[in-house]
Structures are given as structure tokens and as C-alpha cells.
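Each chain, letter by letter, is given below.
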Amino acid sequence: QVQLVESGGDSVQPGGSLRLSCATSSTISVISIMRWYRQAPGKERELVAFISRGGSTNYPGSVRGRFTITRDNAKNTLYLQMNSLKPEDTALYLCNAVASSSEYWGQGTQVTVSS
């Protein structure tokens, strides 16, 4: 089983930046896919960033150019750098991983963007 623990969520003003972390219990280099999702009240869970084991990344238009997903294999940690934050980015951010044909989720970290 792969355990995922998110951290770094906070309350920030519009235009601010934040870096989220997802610490894993597994060697991150053997995880096939890692993703960040977000869940806001009244909205469906939304994919916001993707990275493959080979390093390929993808983002939806709502965050492209503002968010960057990276990983540190030595620390077995996934990151989400968020810049130019907007109130609509307010959500619970969740780390997701696919390994050995199984899917794993963290509990999430809250990001709130308000004046």
C-alpha cells in the first residue's frame, strides 16, 4: 500500500503563491502516475496536474501557466507550485498516485484564496 500525505495548504491573498507537498511511503520513481486534484464545495473533483514516471506533465486550461507539478525522487515527494492564485482556486487539494495497477489518495490540504 502507498500512503500519501499532503501539506502546505494555507490562506493567501489573490496573486499570492503557495507550494503544496505530497510525501509518499513508496519509492516515487516506481509510481507510474501522480496527480493533483482539487475539490471545491458544490463542484466536481477536478484534475489540476499530472506527471508520469517518465516526467511527462499535463494541466487543464484553468491552471496552465500558473501551476507546475514536480517531483523529487530522492525525497519521494511530489510538489505543486501555485502562482498567481485566484479566489476560484480555493479548494481541498488532493494527491493521487497509481502504482502496481492500484490507485491511492491522500486526505488533502486546504487552500483558501481571499482578500
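What you see is a predicted model; the values in this text were computed from it and never measured.

The subject of this paragraph is the overall build of the protein. The number of helices and strands found in the protein is zero helices and eleven strands. When the helices and strands of the protein are listed from N to C terminus, the series reads β-β-β-β-β-β-β-β-β-β-β. Its C-alpha atoms give the protein a radius of gyration of 13 Å, near enough to 13 Å, the size a compact globule of 115 residues would have. Projected onto the principal axes, the alpha-carbon positions of the protein cover approximately 40 × 25 × 25 Å. For the protein, buried positions account for 41% of its 115 residues. As displayed, the protein offers around 6,000 Å² of accessible surface, 44% of which is attributable to carbon and sulfur atoms. In the protein, which carries 11 positive and 8 negative side-chain charges, the distance between the mean positions of the two groups comes to 6 Å.

Another aspect to go through is the sheet that holds strand S3 (residues 18-24). One open sheet accounts for four strands, arranged S1-S3-S8-S7; its pairing is antiparallel. Edge positions in the sheet fall to strand S1 (4-7) and strand S7 (67-72), since each has one partner strand and no second. Pairs of neighbouring strands in the sheet enclose a mean axial angle of 20°, with direction left out of account. For S3 and strand S8 (residues 77-82), the ladder comprises six bridges, and the chain directions are antiparallel. When the sheet's bridge partners are listed, Leu 18 is paired in S8 with Met 82.

The next thing to look at is the pattern of salt bridges. Where charged atoms from two side chains of opposite charge approach closely, those side chains can pair. Applying the stated criterion to the full structure yields four salt bridges. Across the pair Arg 35 and Glu 103 runs a salt bridge, and its minimum N-O distance is 3.9 Å. With a gap of 68 residues between them, Arg 35 in strand S4 (residues 33-39) and Glu 103 in strand S10 (residues 102-105) connect regions that are remote in the sequence. Arg 38 serves as the salt-bridge partner of Glu 46, at 2.8 Å between the closest nitrogen and oxygen. A residue is classified by how much of its surface remains accessible, and Glu 46, at 23% relative accessible area, is partly exposed. The exposure class assigned to Arg 38 is buried, which follows from its relative accessible area of 7%. Here the salt bridges do not stand alone but share partners, grouping Arg 38, Glu 46, Arg 66 and Asp 89 into one network.

Each value, and the rule that gives it
- Residues numbered from 1 in each chain as written.
- Predicted model: local features only at pLDDT ≥ 70, side-chain atom pairs only at ≥ 80, totals over all residues.
- Heavy atoms only, no water.
- Helix = DSSP H or I, 4+ residues; strand = E, 2+ residues; numbered from the N terminus.
- Rg over C-alpha atoms; globule rule 2.2 N^0.38 Å.
- Buried < 20%, exposed > 50% of the residue type's maximum accessible area, 1.4 Å probe, protein only.
- Areas by Shrake-Rupley, 256 points an atom, 1.4 Å probe, with all protein chains shown as cover.
- Lys, Arg positive; Asp, Glu negative; His and termini not counted.
- Charge placed at Lys NZ, Arg CZ, Asp CG, Glu CD.
- Pairing = 2+ DSSP bridges.
- Axes fitted to C-alpha atoms, helices over the stretch in contact; angles between N-to-C directions.
- Salt bridge = Lys/Arg side-chain N within 4 Å of Asp/Glu carboxyl O.

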